[in-house]
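Spelled out from the first residue to the last, the chains are:
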Amino acid sequence: MLIKQRPPWALPDSAVTPKAIYLDRRRFMTGAIASAASLAVPGLLQASEKSPGRQALDYRAAPQFSTDEQKTPVDAVTAYNNFYEFGTGKGDPERYAGEMSVDPWSIEVEGECERPGRYALEDLLKPHEYEERIYRLRCVEAWSMVIPWVGVPLAAVLKQLAPTSRAKYVYFETLHDPKQMRGQRSLFSTIEWPYREGLRMNEAMNELSFLAVGLYGETLPNQNGAPIRLVVPWKYGFKSIKSIVRIRFMEERPKTSWEMIAPNEYGFYANVNPEVDHPRWSQKRERRLPSGVLRPNWIETIKFNGYEEQVAHLYKGMDLSRYY
Ligand SMILES: Nc1nc2c(c(=O)[nH]1)N[C@H]1C(S)=C(S)[C@@H](COP(=O)(O)O)O[C@H]1N2
Ligand SMILES: [Mo]
């Protein structure tokens, strides 16, 4: 296990969550009166109503990975999405991701590791305790959210697979199944399926890298990448690949989807950086959702999305305007 020190930006969960919800969450965690708790907690009830198939998860809060910023309401988190497998409109994933079946689910593990093979998702997750982490998510399109994820540290899962010393990168793929994913049947898609992403090994092992299986205390809605997706909070959202079916340890840097489409616009690193503009728009500011025409809610973008202290050391000596 990593030994965690409380970083200075940490706040206890009780400071960012209304007290009634906080108290009820404690009851949830001890497994007591789950149904009574959901009646008493409007936030959770709302989440269940949105996606009737969602299950409550057992997890412990990880307050050292929290923020005092306001969480984005669950309605926005689950209705304004990027998941091109179901279409390019922000509402398409909520509308169509229900056409994907996520149970049973397995992940193929391959490449430079000592325990390759096909793992049922439950088996991969069994050794780990779920935790909640409230992270900012900053899309390259200049909007952002604050999302309470539930899941496990990526490092813990990768260590269990025993990468060899030749593993310098880890690569991920999303499900490719045009029968279930209507966006993959589209003739106009720019993405060469499956959706692909990757991290350098030391980025993947960083304490912030996370595999989410839930949000707002319940299993992930399909549109957010059920049953398991990556969350890399200091990078643009496209790195946080959804509905993962393959993990490959590699010696060479993998080809990743957005870099394949437009390498001059989307780099492999994709670290949030207000000093490096996208060729077609500024990255200095972002719309914090919910945002509307009358209240666009523009805020300043922060380098590494505010996680500089945890990750800046990974890029020492690198020219971030070249390795964007
Ligand atoms: N497989 C897959 N993963 C994906 C995407 C996608 O289109 N397909 N979009 C990415 C982008 S651009 C963003 S901003 C985030 C959005 O995550 P959310 O919808 O849960 O907010 O998912 C990322 N993961
Ligand atoms: Mo994005």
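Residues numbered from 1 in each chain as written. Chains lettered and ligands numbered in written order. Predicted model: local features only at pLDDT ≥ 70, side-chain atom pairs only at ≥ 80, totals over all residues. Heavy atoms only, no water.

Novice: Even after reading the chapter, I still don't get the confidence of the model for the protein chain, so can you show me in this structure?
Specialist: In low-pLDDT regions, the fine details of the predicted coordinates are not to be read closely. Taken as a whole, the protein chain shows an average pLDDT of 89; of its residues, 84% reach a score of 70 or greater. Note that pLDDT drops below 50 for residues 1–45; the model gives that stretch 67 contacts with residues more than four away or on any other chain. (pLDDT = per-residue confidence, 0-100. Contact = heavy atoms within 4.5 Å.)

Novice: Would you mind showing me how to read the UniProt feature "binding site: Mo-molybdopterin" (unreviewed entry) in the protein chain here?
Specialist: The sites that carry the UniProt feature "binding site: Mo-molybdopterin" (unreviewed entry) are, in the present numbering, Asn-81, Tyr-84, Glu-85, Cys-139, Thr-174, Asn-224, Arg-229, Ser-240, Ile-241 and Lys-242. By the element assignment, Arg-229 lies in strand E10 (residues 229–231). The class for Arg-229 is buried, based on a relative accessible area of 4%. Setting aside chain neighbours within four positions, we find Arg-229 in contact with Trp-149, Phe-210, Leu-211, Ala-212, Leu-220, Asn-224, Ser-240, Ile-241, Lys-242, Ser-243 and Ile-244. With respect to the helices and strands, Lys-242 occurs in the loop between E10 and strand E11 (244–250). (UniProt positions renumbered as here; feature names shortened; annotations may be inferred. Helix = DSSP H or I, 4+ residues; strand = E, 2+ residues; numbered from the N terminus. Buried < 20%, exposed > 50% of the residue type's maximum accessible area, 1.4 Å probe, protein only.)

Novice: Sorry if this is basic, but what is going on with the site of ligand 1 here?
Specialist: Around ligand 1 sit 17 residues in total, of which Asn-81, Tyr-84, Glu-85, Thr-174 and Lys-242 are the nearest. Within the side chain of Glu-85, an N or O atom sits 2.8 Å from a nitrogen atom of ligand 1. Here Lys-242 contributes a side-chain N or O atom positioned 2.6 Å from an oxygen atom of ligand 1. Contact with the protein chains removes 98% of the 530 Å² of surface that ligand 1 exposes when unbound. When grouped by side-chain class, the residues that make up the shell around ligand 1 number 8 nonpolar, 6 polar and 3 charged. (Near = heavy atom within 4 Å. Polar contact = N/O pair within 3.5 Å; in protein donor to acceptor, adjacent residues only side chain to side chain. Areas by Shrake-Rupley, 256 points an atom, 1.4 Å probe, with all protein chains shown as cover. Nonpolar A, V, L, I, M, F, W, Y, C, P; charged D, E, K, R; others polar.)

Novice: What is the right way to read the pairing of strand E7 (residues 196–200) from this model?
Specialist: As a general feature of sheets, a regular strand has side chains that alternate between the two faces. Most of E7 is tucked away, with 5 of its 5 residues classed as buried. Burial along E7 is two-sided: the residues Arg-196, Gly-198 and Arg-200 and Glu-197 and Leu-199 are all buried. Summarising the sheet, strand E6 (residues 169–174) and E7 pair through 5 bridges and their orientation is antiparallel. Looking at E7, one finds that Tyr-169 is bridged to Arg-200. (Pairing = 2+ DSSP bridges.)

Novice: So what exactly am I meant to see when it comes to the sheet that holds E6 here?
Specialist: With mixed pairing, the 5 strands of this open sheet are ordered in space as E3-E2-E11-E6-E7. Bordering the open sheet on either side are strand E3 (117–120) and E7, each of which pairs with just one other strand. Looking at each pair of strands side by side, their axes are set apart by 20° on average, direction ignored. (Axes fitted to C-alpha atoms, helices over the stretch in contact; angles between N-to-C directions.)

Novice: Hey, could you run me through the pattern of salt bridges in this one?
Specialist: Note that side chains of opposite charge can pair when their charged atoms are close. Taken as a whole and judged by the stated rule, the model has 25 salt bridges. Salt-bridge contacts for Glu-131 lead to Arg-133; the nearest nitrogen and oxygen are separated by 2.9 Å. Each of the two residues, Glu-131 as well as Arg-133, counts as buried. Shared partners join several salt bridges into a network, and the residues in it are Glu-69, Arg-136, Arg-138, Glu-286 and Arg-288. (Salt bridge = Lys/Arg side-chain N within 4 Å of Asp/Glu carboxyl O.)

Novice: Teacher, can you tell me more about the environment of Asn-305 here?
Specialist: Tracing the chain through its elements places Asn-305 in the loop between strand E13 (298–300) and helix H11 (308–311). Given the relative accessible area of 3%, Asn-305 is considered buried. Excluding residues within four positions of it along the chain, Asn-305 makes contact with Arg-136, Leu-137, Arg-138, Pro-233, Trp-234 and Val-272. Within polar-contact distance, the side chain of Asn-305 engages the backbone oxygen of Pro-233 at 2.8 Å.

Novice: Would you mind going over the environment of His-313 with me for this structure?
Specialist: Counting through the fold element by element, His-313 comes out in the segment after H11. Side-chain polar atoms of His-313 contact the backbone oxygen of Gln-310, separated by 3.2 Å.

Novice: Just checking my understanding: could you explain the pairing of strand E12 (residues 285–288) for this structure?
Specialist: Residues Glu-286 and Arg-288 line the buried face of E12, whereas the alternating positions Arg-285 and Arg-287 sit on a face that is not buried. Where strand E5 (residues 143–153) meets E12, 2 bridges bridge the pair, whose relative direction is parallel. By the bridge assignment, Ser-144 is partnered in E12 with Arg-288.

Novice: I would appreciate a short explanation of the packing of aromatic side chains in the present structure.
Specialist: Aromatic ring pairs: the centre-centre distance and the angle between the two ring planes describe each pair. Enumeration according to the criterion identifies 12 aromatic pairs in this entry. Their ring planes at 90° and their centres at 4.9 Å tell us that Phe-83 and Phe-86 sit as a pair that is edge-to-face. Accessibility classification places Phe-83 together with Phe-86 in one group, the buried group. Members of the aromatic cluster, joined through ring pairs, are Tyr-169, Phe-268, Tyr-269, Phe-304, Tyr-315 and Tyr-323. Between Arg-133 and the ring centre of Phe-65, over which it is positioned, the NZ or CZ distance is 3.7 Å. Against the face of Tyr-96 rests Arg-182, its NZ or CZ located 3.8 Å from the ring centre. (Phe/Tyr/Trp six-rings, centres within 6.5 Å; stacked < 30°, edge-to-face > 60°. Lys NZ or Arg CZ within 6 Å of the ring centre and 35° of its normal.)

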